[in-house]
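Here's the letter readout for the chains.
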Amino acid sequence: MRDYLLENRSPFLDVAAADKGASIRLAPVTGGFVFHVLGDAKSDEAALKKALAKIAQELGADVRKSAPNQWFWVGDADVSSDQRAEIQSALSSQFALCDQTHGRVRMVLSGASSRTVLAKGTMVDLSADLFAIGQSAMTQIGHIGAMITRVEDDSFELIVLRSFAGSLWDELQHMATEFNKPASMS
Amino acid sequence: MSSLVKCPHCGLRPREEFTIRGEVAAPRPDAGADEAVWFDHVYLRDNPRGENREYWHHSGGCRRWLVLSRNTLTHETSDVVDASTLKAEGRA
Ligand SMILES: [Zn+2]
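- Looking at an unreviewed UniProt entry, chain B carries the name Sarcosine oxidase subunit delta, with the source organism given as Thalassospira indica.

Here is the structure:
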């Protein structure tokens, strides 16, 4: 266990409140946790979800597959490093947890045309019938690596490395401009 | 985004998500093998015309090393597998 604390600060401290009337909305997810889960070669998702539900049911078992035997476990509650250590020691040795809350940033893009906006940056087919709610894909948006998860009908959560969060944010705003024209222009 | 590669883990992805490492060389020589054999293994490539097996890294996706068969004449790709399968084949 590490002997120092990592400070989890949002990179979006001065973001203006999202315009409720905008057709495409982009909002940071503040608080919560992102744990990278590394499983051994024989580990499987069902076993992981079952174990997490048993050990820390209150945190939910929202695990998003990033690679074979690797997942991001994401939740909205704040988890102390003591609690994380407890969870790790309760997990079987098949899984290792790595806290990435300070290093990976979550944001949500939503709105009727959110798919069209994302399609400008990624080639993963996000069609409603192919990319179900809850499904994730590790991909690139432009040249920035990001994980896309469909969280609701027309709503996608993105996880991006912290140092790229500002760039991705600006890029998405730019890509959404055509749908968010001021009223006087439409 | 023209060339598509079918990652066995992620599905169809654009070539831009991958980093190419080069030909899958024949099995590693023994540690004590002749210097010339090692030189050949490390530096000399055949540059074949036709089917070629290459290491590709899915750096923009699952970050797994893959082995991909590519036709150097047509650039057609086929048979993409996780590189760990080479180990199972005893070829790594
Ligand atoms: Zn992949």
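Here the narrative resumes.
1. What about the overall build of chain A?
Then step 1. The helix and strand inventory of chain A stands at four helices and nine strands.
Then step 2. Across chain A, helices and strands are ordered from the amino to the carboxyl terminus as β-β-α-β-β-α-β-β-α-β-β-β-α.
Then step 3. Taken over C-alpha atoms, the radius of gyration comes to 17 Å for chain A, in line with the 16 Å a tight globule of 186 residues would show.
Then step 4. With respect to the three principal axes, the spread of C-alpha positions in chain A is 60 × 35 × 30 Å.

2. Some points on the sheet that holds strand S4 (residues 70-75) of chain A
The strands making up a sheet associate through backbone hydrogen bonding, with each pair oriented either parallel or antiparallel.
Residue and element names in this part refer to chain A.
Then step 1. The strand order S3-S4-S2-S5 describes an open sheet built from four strands, whose pairing is antiparallel. The sheet is open, and its two borders are formed by strand S3 (62-67) and strand S5 (95-99), each paired with just one other strand. Geometrically, the sheet is characterised by an average inter-axis angle of 30 degrees between neighbouring strands, direction not taken into account.
Then step 2. Two strands pair when backbone bridges link them, and S3 and S4 are joined in this way by five bridges, in the antiparallel orientation. By the bridge assignment, Arg 64 is partnered in S4 with Phe 72.
Then step 3. Against the sheet, helix H1 (residues 45-55) contacts strand S2 (33-39), S3, S4 and S5, and its axis sits at roughly 150 degrees relative to S3.
Then step 4. Against the sheet, helix H2 (residues 81-90) engages S2, S4 and S5, with an angle of about 165 degrees to S5.

3. Structural notes on the interface of chain B and chain A
The accessible area lost on association of the parts is a frequent measure of interface size.
Then step 1. Taken residue by residue, the interface counts twelve residues in chain B and ten residues in chain A.
Then step 2. Taken together, both faces of the contact between chain B and chain A bury some 830 Å²; the carbon and sulfur share is 60%.
Then step 3. The interface formed by chain B and chain A contains zero salt bridges.
Then step 4. Seen at the junction of chain B and chain A, the total is two residue pairs in polar contact (both at pLDDT 80 or more).

4. Let's talk about the coordination of the zinc ion
Residue and element names in this part refer to chain B.
Then step 1. Only Cys 7 (SG), Cys 10 (SG), His 58 (ND1) and Cys 62 (SG) from the protein reach the zinc ion as donors, at distances of 2.0 to 2.4 Å.
Then step 2. Viewed at the metal, the four donor atoms of the zinc ion are separated by angles of 105 to 115 degrees, and the geometry they form is tetrahedral.
Then step 3. All donors to the zinc ion come from one chain, and their sequence spacing reads C-x2-C-x47-H-x3-C. A residue pair is termed long-range when its members are at least 10 positions apart, and Cys 10 in the loop between strand S1 (4-7) and strand S2 (11-14) and His 58 in the loop between strand S4 (51-57) and strand S5 (65-71) qualify at 48 residues.
Then step 4. Exposure remark for His 58: the relative accessible area of 0% places this residue in the buried category.

5. Observations concerning a nonpolar patch on the surface
Then step 1. A grouping of Phe 39, Val 42, Tyr 43 and Leu 44 of chain B is seen on the molecular surface, where their side chains present a nonpolar patch of about 420 Å² in accessible area.
Then step 2. Position of Phe 39 of chain B among the secondary structure elements: in helix H1 (residues 35-43).

6. Thoughts on the pattern of salt bridges
Then step 1. Tallied over the full model, the rule gives eleven salt bridges over all chains.
Then step 2. Here Glu 45 of chain A and Lys 49 of chain A are joined by a salt bridge, their closest N and O atoms 3.6 Å apart. In this pair, Glu 45 of chain A and Lys 49 of chain A are both assigned in helix H1, four residues apart and thus about one turn of the helix distant.
Then step 3. Classification of Glu 45 of chain A by relative accessible area gives partly exposed; the value is 27%.
Then step 4. Between Arg 64 of chain B and Asp 82 of chain B there is a salt bridge, and its shortest N-O distance comes to 2.9 Å. One end of the pair, Arg 64 of chain B, is in the loop between S4 and S5; the other, Asp 82 of chain B, is in strand S6 (residues 77-82), and 18 residues separate them in sequence.
Then step 5. For Arg 64 of chain B, a relative accessible area of 26% corresponds to the partly exposed category.
Then step 6. You can call Asp 82 of chain B buried: its relative accessible area is 8%.
Then step 7. Linked by salt bridges that have partners in common, Asp 62, Arg 64, Asp 76, Arg 106 and Glu 157 of chain A make up one network.

7. Focus on the nonpolar core
Soluble globular proteins tend to pack their nonpolar side chains together in the buried interior.
All names here are of chain A.
Then step 1. Membership of the largest hydrophobic core comes to 25 residues, with the highest contact counts inside it found for Met 107, Leu 118, Ile 141, Ile 148, Leu 158, Leu 168 and Leu 172.
Then step 2. When contributions to this core are tallied by element, the ones reaching two or more residues are strand S6 (104-110), helix H3 (114-119), strand S7 (136-141), strand S8 (144-152), strand S9 (155-161) and helix H4 (162-176).
Then step 3. Here this core gets six residues from one element, more than from any other, and that element is H4.
Then step 4. Setting aside its immediate chain neighbours within four residues, Leu 158 contacts Val 105, Arg 106, Met 107, Leu 118, Ile 141, Met 147, Ile 148, Leu 168 and Leu 172.
Then step 5. Grouped together as the second largest cluster of nonpolar side chains are 15 residues, Phe 33, Phe 35, Val 37 and Val 79 included.

8. Focus: the sheet that holds S6 of chain B
Residue and element names in this part refer to chain B.
Then step 1. One open sheet accounts for four strands, arranged S3-S4-S5-S6; its pairing is antiparallel. Of all the strands in the sheet, just strand S3 (19-23) and S6 have a single pairing partner and so form its edges. Pairwise comparison of adjacent strand axes, ignoring direction, gives a mean angle of 30 degrees for this sheet.
Then step 2. Inspection of the sheet shows S5 paired to S6 by five bridges, in the antiparallel sense. From the neighbouring strand, Leu 66 faces S6, where its bridge partner is Asp 82.

Conventions adopted
Residues numbered from 1 in each chain as written. Chains lettered and ligands numbered in written order. Predicted model: local features only at pLDDT ≥ 70, side-chain atom pairs only at ≥ 80, totals over all residues. Heavy atoms only, no water. Helix = DSSP H or I, 4+ residues; strand = E, 2+ residues; numbered from the N terminus. Rg over C-alpha atoms; globule rule 2.2 N^0.38 Å. Pairing = 2+ DSSP bridges. Axes fitted to C-alpha atoms, helices over the stretch in contact; angles between N-to-C directions. Contact = heavy atoms within 4.5 Å. Buried area = accessible area lost by both parts, 1.4 Å probe. Salt bridge = Lys/Arg side-chain N within 4 Å of Asp/Glu carboxyl O. Polar contact = N/O pair within 3.5 Å; in protein donor to acceptor, adjacent residues only side chain to side chain. Donors = N, O, S within 2.8 Å, 3.2 Å for Na, K, Ca; no water. Tetrahedral: all angles 85-135°; square planar, octahedral: opposite > 155°, others 65-115°. Buried < 20%, exposed > 50% of the residue type's maximum accessible area, 1.4 Å probe, protein only. Patch = residues over 30% accessible without salt bridge, like charges linked within 9 Å, V, L, I, M, F, W, Y side chains within 5 Å. Areas by Shrake-Rupley, 256 points an atom, 1.4 Å probe, with all protein chains shown as cover. Core = buried A, V, L, I, M, F, W, Y, C linked by side-chain atoms within 4.5 Å.

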